[in-house]
Every structure is written in C-alpha cells, then in structure tokens.
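Coordinates in review
Chain by chain, the residues:
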Amino acid sequence: MLRPFTGSGRPELVEGCLPLPFVLCLLALCLTAVSAAAQSANDDERIDGPPAPDLPTVVARDAEGRATIRTMRLPSPLEMDGRLDEPFYRDVNGVSDFVQQEPAEGTPATERTDMWVFFDDDHVYVGARMWESDKTRRVTSDMRRDSNNLYNNDHVAVLFDTFYDRRSGYFFYTNAQGGMVDAQLTNETPNNNWNGVWDVRTAEFEGGWTAEFRFPFRSVRFAERGHLWGVNFRRVVKWKNEISFLTPIPASYGRRGLTKISSAGTMVGIDPPTGLTNLDIKPYILGSTTSNNVAAPRVANDLNGEVGVDAKWAVTQSIVTDFTYNTDFAQVEDDEAQVNLTRFSLFFPEKREFFLEGQEYFNFAGGGAMQGGNMGPTATNNPPPSNTPVVFFSRRIGLQNGQVVPIFLGGRALARTGGVTIGALHMRTDDTPDARASETNFSVLRLNRDILSRSRVGVIATRRAPGQGSAAENYAYGADASFNLLTDLAVNAYWSGTETNGRNGDDTSYRGQFNWNADRMGLQVEHLYVGEDFNPEVGFLRRQAFRRSYGSARFSPRPAGSTTVRKLFYEGSYDYVASAAGRVESREAQVAFRLEFNSSDAWAFEYSDTFEALTAPFTVGRGVTVPSGEYSFKQGRLIYTLGPQRKLSGTLFAGGGQFYDGTLMELTWRGRLEFSPQLYAEPTISWNHIDVPWGRTNNNLFGTRLTYTLTPRMFVGALVQYQSLTASVSSNVRFRWEYRPGSELFFVYSDGRTTNAAGFPDLENRSVIVKATRLLRF
C-alpha cells in the first residue's frame with residue numbers, strides 16, 4: 001500500500017458539512033447542460049485539412065502533408081487475433097506513407113506501415129501492419145500494461161481526437177508482445193494514468209508484425225452527432241531510433257509528438273452511436289492483516305475487512321460524474337525514496353487511481369521548462385517544477401502526518417462543451433486520532449475556457465474545512481492563462497490568493513513565463529512571486545515567501561553528415577531567488593554541454609556556481625547539520641546515458657565539488673537490466689559522501705524494482721529500498737491481475753524495518769492485503 005510523505009497540521013472537528021461543494025458541482029453541470037443545448041447539431045462540420053478522399057482511395061494529403069483518411073463500417077465479422085487475415089484487409093487499401101519526425105524530419109519513413117480503421121455499432125477497430133527490413137533487430141523489452149518503458153520499444157500508436165476540437169483526445173499504443181499503454185489528452189497535455197477499457201492483439205508475419213486494436217465507443221467521450229474525428233498514427237523503430245507519423249509532427253516536439261493534436265489529420269465517415277447508457281459500478285472487497293511494533297497501540301496480525309464502491313455515470317458524452325464510498329488505495333505502490341540535500345520539502349507524485357483520473361481538468365498554472373526533444377536526454381538544469389506553488393495537490397486528501405486517513409465519501413463532476421471544461425470535486429475524510437486528523441471536507445472547482453487555436457484561460461477555487469491548525473476554513477483561488485501563440489512559442493501566467501484565519505500579511509502569488517522552444521534554439525524567462533502568508537492548504541508549497549527570477553538559453557544544432565552524433569546541446573541558465581523583502585536567498589549560474597548520439601546514448605557535462613543564504617540550520621545526513629549563514633560553492637557533474645534499446649540501460653551520474661564550506665562527492669546509477677521481455681530489474685544506487693566542518697557522513701539510497709510480467713494484464717512486482725538518513729529498509733510486493741477488462745485482483749505485501757540495531761533489520765510494521773474489484777457496465 002502507499003507509504004505517504006509526512007504532512008503537518010491538526011485540523012479540528014468540523015461542525016457540519018456545508019452544501020457549497022455540492023452546489024458548485026450542480027452549478028457546473030447546469031452550466032454545461034445549458035451550453036450543450038445551445039450548440040448546433042454539428043451538421044455543418046468542416047474538415048480542417050484536405051478534402052475527403054473518394055473510395056477506393058482512403059487517404060488524401062495537402063501541401064503540408066496533413067492527411068484526411070476515410071473509415072467505413074466493418075464489411076464482415078472480425079476475429080480479434082491480430083493476424084489481419086480477413087478479406088477486407090486485402091480489398092480495402094491501407095493508409096501508408098508515414099513521414100519521419102526523427103532523425104530526418106519531413107522525409108519518408110524507412111520502414112513501411114499500413115493502417116486500416118473500421119467501426120460497427122459498438123467498437124472502433126484499427127488494424128496495423130508493420131513491415132521490417134530486419135526483424136532480428138526489433139526492440140521488444142516490456143509487455144506490462146502502462147509501462148513507461150514501452151515507449152522505448154518498437155511500437156505503433158493510435159491517436160483519436162473524438163470531439164474534433166484540435167485540443168483533446170485519446171492515444172493508445174502497443175508493441176509486438178501486446179503491451180498496452182493509453183492516455184487521455186486535454187489541451188494537448190496527456191494524463192498517462194487514465195485507464196480505458198480496450199483490447200489489442202498482435203501477431204507475426206513473414207515481413208514483420210501486425211496488431212489489431214478494438215476500442216468500445218462507451219470507453220471514450222465523443223461528439224454524438226459528429227462524423228469527423230482527428231487522427232494520427234505513430235511508428236517507432238527503436239533500433240534505428242526512428243520516429244514517424246501519418247501526419248507530420250515537428251521535431252521540436254520530441255517524444256511529445258503524439259500529443260500535438262493541433263497537427264493531427266482528419267478521419268471522415270465515422271458514425272458513432274447516440275443515446276448510450278453509460279453507467280459503470282465497481283465494487284471492491286478487501287481483507288488484510290497488519291502488524292505494528294512501533295507506535296501505540298501495538299498490534300500483531302490484526303485482521304480487518306473492508307467493502308466499498310466507485311461509480312461512474314456519463315450523463316451525456318460531455319458530462320461525467322464519479323461517486324466513491326469508503327475509498328481504498330491499498331493496491332498503490334510505495335513512494336520511491338529520494339535523496340534530499342536541500343533545505344526544502346520533497347514532492348511526491350500522486351499514485352491513487354481515483355485522483356489520477358481526470359486530474360488534467362484540475363491542473364492550475366501548469367507548464368514546465370524546455371521540454372520534449374529540445375533538452376538533451378540527460379538534461380537536469382531545467383527549473384524545478386515544484387518551485388511553482390501547486391494550488392490543488394490531491395495528496396492533501398487522505399494522507400496526513402505520514403498516515404492514511406480514510407476517505408468516507410466523495411464525488412466528482414467533469415464537463416466539457418463549447419470550448420469550456422469544468423471540474424468539480426468534493427471529498428470527506430474521516431476522523432483519525434492516530435494521524436491527528438479530524439473529519440475534514442475538501443472542495444475544488446476548476447473552469448477553463450479555450451481561446452484562439454491552442455490557448456486557454458481559467459479560474460480555480462479550493463476549500464478545506466476545517467483548515468490546518470484552526471477550526472476556520474481555508475480558501476484558495478486564482479486565475480491562469482496559457483497562450484500557445486506559435487508552434488514553438490508559449491506565454492503562461494497566473495495569479496492566486498488565499499484566505500487563512502490569523503494570517504493577515506501578503507497572501508498572493510503570481511508568475512509570468514515566456515518559453516520559446518524550437519528544435520535548434522530555445523529561450524525561457526520567468527518571474528515568480530510567493531507572499532509570506534500565501535497558504536493553499538489543499539496545495540503544496542516547496543518554498544515560502546520568495547521572489548524568483550529565472551532565465552535559460554539553448555542552442556542545439558544537428559551536425560550535418562554525422563553518422564554518430566544526432567544533436568548537440570549548449571545550455572546556460574541563471575536562477576536568482578530573493579526573500580519577499582529583497583534579500584538574496586539563492587543564486588545559481590549553470591552551464592551544460594550535451595551530446596545525443598544516433599544510437600540513443602547520450603553524454604553531458606554540467607558546471608554550477610551556487611550561493612545559498614541559510615536563515616535556519618538543516619540536516620544533510622545522519623548527525624550532520626549545516627548551520628545558518630552564507631555559503632558559496634562550485635560543482636561539476638558528468639552524465640552518461642545508455643540507450644533504452646540495450647539490455648542494460650540507464651543513466652550514470654558522477655560529480656563533486658564544494659558544498660557548504662566542505663565537499664560533496666556523488667555517484668548515482670538509475671538503470672534497467674533486462675533478463676527477458678517478461679523479467680527485468682530497475683536498480684537505483686545513489687552514494688553521496690559529505691565532508692563539512694560540522695561532520696562527515698554519507699546520505700545514501702539503494703533500491704531496486706523487480707518486475708515479472710506473465711501477460712500484458714498480469715504481473716508481479718517488488719520494490720525494495722534502503723535509505724541511510726532514516727536507517728530504514730522497506731519492501732513492497734504487488735501482484736495485479738486484470739482478470740477481465742476493468743476488473744482486477746490484487747495481492748500486496750509491505751513491510752518496514754529499521755537498521756539501527758545490529759544484525760538483520762528489525763520489523764517495525766507489516767501488512768498483507770488481498771483485494772478484488774469487479775466492473776459492472778450498464
């Protein structure tokens with residue numbers, strides 16, 4: 001089960017549940033329904049691209065290469081075996097002529113790909129035939145569902161823009177072993193944690209491999225009376241490090257290319273069903289035994305059972321509501337440990353499925369540094385995303401003071417129509433004395449409005465009742481905007497404020513960001529401010545009361561005629577952080593040189609000159625504390641990355657230099673060792689030796705994840721971690737079997753041990769959990 005980060009605050013007893021959150025949800029639904037009723041029936045749809053082809057031709061292209069393809073009803077029954085041996089695959093021409101994104105942007109793909117799209121009353125079907133000039137060099141190293149590593153395999157991907165709005169949609173991809181990855185897109189931003197109900201089968205043929213996808217209409221949202229969808233296909237040939245698309249995608253987008261819906265092609269002829277009943281109910285039953293040898297009351301093999309239910313109702317294709325009772329996250333993997341050599345809190349990502357689904361509706365003031373293909377694969381000098389406050393951070397719900405707080409009841413409404421998206425959320429957590437948490441209500445309302453072709457503006461409001469450390473409520477609110485003015489140019493901004501009882505100082509925060517992110521050059525300028533009393537208690541603050549100015553520049557040419565080096569990166573950045581009163585707190589100048597090779601390997605050198613003014617001491621290792629004062633230090637770092645197509649891949653970091661009037665030496669390896677496509681290990685070794693006037697210590701982290709995949713829907717994984725700072729060893733073993741689409745069986749073993757005593761680490765806590773879910777669709 002999830003082992004959470006340690007929070008703070010002691011909310012007191014709530015005196016009643018105010019109806020405001022439910023009013024907000026109802027208001028969101030009403031506004032969306034009214035907007036939907038006012039819309040036309042989509043009878044005047046216009047193709048954004050070349051005219052539709054006339055059969056038997058199935059694809060047409062304009063001068064820019066954008067494709068319009070034609071789909072049709074399934075001519076005869078299809079057997080889902082991946083073989084593509086039905087007669088219609090011979091009688092109907094396939095879509096081909098993919099165009100490279102990498103390595104030679106705009107040129108024809110070197111390996112042929114043929115694609116077909118059909119549909120019936122219930123499903124959309126996609127057939128794909130991938131020709132290979134050398135099958136023996138195919139990279140296929142993973143088949144676990146939603147594995148991040150699947151992108152690094154030879155694969156084929158499908159993108160559908162089901163509302164044909166050039167902003168939102170879904171993508172799916174598979175490799176030759178039938179591995180499955182899917183994501184939902186909003187404003188060209190993927191939610192990789194979305195898990196749709198769909199199927200895929202793969203097979204071999206003499207010239208390569210084939211795949212058949214089947215997507216139920218009810219698993220996605222779409223324009224009911226629309227007959228146009230956006231579409232794109234991607235083919236990755238990893239041993240050549242080649243990426244190609246049906247409709248061309250700029251190289252500057254790198255691996256984000258599939259998310260660029262605004263550049264996708266058009267699919268005509270689709271005839272989706274109307275009036276679908278979309279009600280999903282997913283109950284669960286859970287049995288567990290826990291032991292605790294540390295905190296009172298101590299227990300040994302305490303048996304427990306739980307039942308609960310999640311429900312999803314698609315009121316229309318544009319309005320989806322979710323309900324959860326006695327929400328359980330026992331199957332979630334432990335947080336991965338991190339080495340922290342700074343004085344700031346660590347940020348741990350959300351892993352719980354209920355909060356991951358639909359999270360793109362609630363993202364506020366998003367936007368990072370130079371992403372995609374422009375920063376080298378070893379890049380580490382982009383500004384930390386956690387410097388920007390997170391106004392809504394879902395891990396504040398159900399986790400407090402290092403313990404799980406039960407979620408008694410929750411609801412969510414997601415709506416979209418007429419260029420407006422609305423997300424409303426309300427959750428109620430139970431009283432939990434062991435976590436010093438009283439019954440608490442959390443509410444969030446988020447609204448976005450699309451403007452121009454790829455831009456948006458939005459507002460957000462959050463409420464926590466009671467607040468942390470007070471019986472009074474805490475509120476946060478704000479407005480943000482993202483203007484994607486050109487293909488490679490974006491301007492982002494936000495303003496936010498909070499209301500907290502007893503805090504009467506400056507409780508605002510704002511940011512402006514300019515980001516030019518082309519393939520050959522890049523420039524980013526940012527200014528961020530956080531007031532001393534800015535306090536979003538349903539959010540996350542890494543740093544308080546500061547003013548930050550940041551700038552970075554990049555020059556990344558592609559050497560002409562080189563058979564070894566694909567791209568060079570020359571980068572520089574300057575980061576300046578001052579207190580709200582103007583006193584300098586941090587300052588860092590950094591330069592970097594990187595090489596990306598055609599083999600997918602990469603090499604980099606970084607050099608930084610840092611100043612830190614500490615207003616309070618902080619701990620860098622066991623028994624070593626750096627006192628307050630002003631410090632300047634310089635450090636260098638070498639980085640080498642082995643390409644993911646290798647059996648042994650990963651990144652090695654070696655660095656050292658000055659560190660708070662002393663020295664720091666670092667050696668870190670984060671990698672992957674493939675024993676077979678079903679069995680692999682992902683070790684992390686981080687050795688950090690610190691020698692300062694106040695002591696000498698090591699801050700080390702050793703761990704590995706071992707995964708064995710029996711089928712794309714069944715795997716067993718183990719995560720074992722040791723951290724010297726906390727003298728702790730943890731293990732987490734999970735078995736997951738999706739025994740039918742959307743229904744799962746989990747077995748989870750977790751324990752935590754301490755290494756403070758001699759000998760084998762002493763047990764502090766342990767849990768064994770068995771959980772079963774069943775998806776019922778009506």
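Residues numbered from 1 in each chain as written. Predicted model: local features only at pLDDT ≥ 70, side-chain atom pairs only at ≥ 80, totals over all residues. Heavy atoms only, no water.

1. Observations regarding the overall build of the protein
This is how the line gets drawn: Helix numbers and strand numbers start at the N terminus; a helix is a DSSP run of H or I with at least 4 residues, a strand a run of E with at least 2. Restricting the calculation to C-alpha atoms gives the radius of gyration, and the globule rule supplies 2.2 Å times the number of residues raised to the power 0.38. Exposure classes here rest on a 1.4 Å probe applied to the protein chains alone. A residue is buried below 20% of its type maximum, exposed above 50%, and partly exposed in between.
Scanning the protein from N- to C-terminus turns up three helices and 45 strands. In terms of overall dimensions, the protein is globule-like: its C-alpha atoms have a radius of gyration of 26 Å, near the 28 Å expected for 778 residues. With respect to the three principal axes, the spread of C-alpha positions in the protein is 75 × 65 × 50 Å. Across the 778 residues in the protein, those meeting the buried criterion constitute 54%.

2. Describing the pairing of strand 7 (residues 155-161)
Quick note on the threshold: For two strands to count as paired, DSSP must find a minimum of two bridges between them.
A large share of strand 7 lies buried, amounting to seven of its seven residues. Residues His-155, Ala-157, Leu-159 and Asp-161 of strand 7 are buried on one face, and the alternating residues Val-156, Val-158 and Phe-160, pointing to the opposite face, are buried as well. Strand direction decides the pairing type here: strand 7 and strand 8 (residues 169-175), joined by six bridges, are antiparallel. Considered in strand 8, the bridge of His-155 is made with Asn-175.

3. Examining the sheet that holds strand 12 (residues 208-216)
Read from one edge of the open sheet, five strands run 3-5-6-12-11, paired in mixed fashion. Both outer strands of the open sheet, strand 3 (72-73) and strand 11 (199-205), are each paired with one neighbouring strand and no more. By the bridge criterion, nine bridges tie strand 6 (residues 123-131) to strand 12 in an arrangement that is antiparallel. Its bridge partner being in strand 12, Val-124 is matched across the sheet by Phe-215.

4. Here's the deal with the packing of aromatic side chains
Going by this rule: Side-chain rings of Phe, Tyr and Trp (the six-membered ring for Trp) are treated as a pair once their centres are within 6.5 Å; stacked means planes under 30 degrees apart, edge-to-face means over 60, and tilted covers the remaining angles.
Across all of its chains, the model carries 38 aromatic pairs by this definition. Arranged with centres 6.0 Å apart and planes meeting at 85°, the rings of Tyr-631 and Trp-694 form a pair that is edge-to-face. Residue Tyr-631 is located in strand 35 (residues 629-642), and its partner Trp-694 is located in the loop between strand 38 (679-692) and strand 39 (695-698); the two are separated by 63 residues in the primary sequence. Among the residues examined, Tyr-631 registers a relative accessible area of 4% and is labelled buried. By the ring-pair criterion, three or more aromatic residues cluster together here, those being Phe-160, Tyr-170, Phe-172, Trp-194, Trp-198, Phe-213, Phe-215, Phe-217, Phe-222 and Trp-229.

5. What to know about the environment of Ser-470
Topologically, Ser-470 is positioned in the loop between strand 24 (455-465) and strand 25 (474-486). With 31 residues separating them in the primary sequence, Ser-470 and Asn-501 have C-alpha atoms 7.3 Å apart.

6. Concerning the nonpolar core
Quick note on the threshold: We define a nonpolar core as any set of buried Ala, Val, Leu, Ile, Met, Phe, Trp, Tyr and Cys residues linked to one another through side-chain atoms lying within 4.5 Å. Contacts are residue-level and defined by heavy atoms, with any inter-residue pair within 4.5 Å sufficient.
Grouped together as the largest cluster of nonpolar side chains are 47 residues, with contacts concentrated most on Met-115, Val-124, Val-126, Phe-160, Phe-213, Phe-215 and Phe-233. Secondary structure elements with two or more residues in this core: strand 2 (67-70), helix 2 (88-91), strand 5 (113-119), strand 6, strand 7, strand 8, strand 12 and strand 13 (228-237). Look past the residues within four positions of Phe-213 in its chain and what remains in contact with it is Met-80, Val-124, Tyr-125, Val-126, Val-156, Val-158, Tyr-173, Thr-174, Trp-198, Asp-199 and Val-200. Formed by 27 residues, the second largest nonpolar core is a distinct cluster that contains Phe-442, Ala-476, Phe-534 and Leu-541.

7. A short note on the pairing of strand 5
Walk down a regular strand and you will see the side chains alternate between the two sheet faces. Extensive coverage of strand 5 is indicated by the burial of seven of its seven residues. Where burial is concerned, the two faces of strand 5 agree: the one with Thr-113, Met-115, Val-117 and Phe-119 and the one with Asp-114, Trp-116 and Phe-118 are both buried. For strand 3 and strand 5, the ladder comprises two bridges, and the chain directions are parallel. When the sheet's bridge partners are listed, Met-72 is paired in strand 5 with Phe-118. Examined bridge by bridge, strand 5 and strand 6 share seven bridges and lie antiparallel to one another. For Trp-116, the partnering residue across the bridge sits in strand 6 and is Gly-127. The turn linking strand 5 back onto strand 6 is made up of three residues.

8. Considerations on the side chain of Thr-266
Tracing the backbone through its elements, the reader meets Thr-266 in strand 15 (residues 265-268). Taking the relative accessible area as the measure of exposure, Thr-266 reaches 0% and is therefore buried. Discounting chain neighbours no more than four positions away, the residues touching Thr-266 are Ile-47, Asp-48, Ala-67, Thr-68, Ile-69, Tyr-164, Arg-166, Leu-228, Trp-229, Gly-230 and Val-231.

9. A closer look at the environment of Ala-471
Within the fold, Ala-471 resides in the loop between strand 24 and strand 25. Distance from Ala-471 to Asn-501, taken between C-alpha atoms, is 8.8 Å for residues 30 residues apart in sequence.

10. Things to note about the environment of Gln-100
Put simply, the test is: The term polar contact refers here to a pair of N or O atoms within 3.5 Å; inside protein, the definition further demands a hydrogen-donor-capable atom paired with an acceptor-capable atom, and it admits residues adjacent in sequence only when both atoms are side-chain atoms.
Within the fold, Gln-100 resides in strand 4 (residues 99-102). On the accessibility criterion, Gln-100 (6% relative accessible area) is buried. Sequence separation of Gln-100 and Arg-235 is 135 residues, and the distance between their C-alpha atoms is 9.2 Å. Non-local contacts of Gln-100, meaning those with residues more than four positions away in its chain, are made with Glu-105, Gly-106, Thr-107, Pro-108, Ala-109, Thr-110, Glu-242, Ile-243 and Ser-244. Among the polar contacts listed, one links the side chain of Gln-100 to the backbone oxygen of Pro-108, at a separation of 3.0 Å.

11. Some remarks on the pattern of salt bridges
For clarity, the threshold we go by: Note on definitions: salt bridges are taken to be side-chain nitrogens of Lys or Arg within 4 Å of carboxyl oxygens of Asp or Glu.
A complete count under the given rule lists 52 salt bridges for this structure. Residue Glu-612 pairs with Arg-343 through a salt bridge whose shortest N-O separation is 2.6 Å. With Glu-612 in strand 32 (residues 602-614) and Arg-343 in the loop between strand 18 (319-327) and helix 3 (353-356), this pair connects stretches of sequence that are 269 residues apart. Assessed through its relative accessible area of 12%, Glu-612 is described here as buried.

12. Here's the deal with unusual backbone geometry
Pro-103 follows Glu-102 through a cis peptide bond whose omega is 0°. In this model, Ala-465 is joined to Pro-466 through a cis peptide bond whose omega is -5°. Positive phi values are uncommon outside glycine, yet Asn-241 reaches one of about 55°. The buried category is assigned to Asn-241, whose relative accessible area is 9%.

13. Observations concerning the side chain of Glu-102
Structurally, Glu-102 can be placed in strand 4. Of note is the side chain of Glu-102, whose polar atom sits 2.7 Å from the side chain of Arg-558. Once residues within four sequence positions are removed from consideration, Glu-102 is found in contact with Asn-241, Glu-242, Ile-243, Ala-251, Arg-558 and Arg-566.

14. A few points about a nonpolar patch on the surface
Put simply, the rule reads: A patch consists of residues whose relative accessible area exceeds 30% and which take part in no salt bridge; residues with like charges are grouped when within 9 Å of each other, and nonpolar side chains (Val, Leu, Ile, Met, Phe, Trp, Tyr) when within 5 Å. What sets the accessible areas is the Shrake-Rupley method with a 1.4 Å probe; for residues, cover comes only from the shown protein chains.
A cluster of nonpolar side chains, contributed by Phe-514, Trp-516, Met-521, Leu-523, Val-525, Phe-555 and Tyr-570, occupies part of the molecular surface with about 570 Å² of accessible area. Those elements that provide at least two residues to the nonpolar patch are strand 27 (508-517) and strand 28 (521-530). Top contributing element to the nonpolar patch by residue count: strand 28, with three residues. Here Met-521 lies in strand 28.

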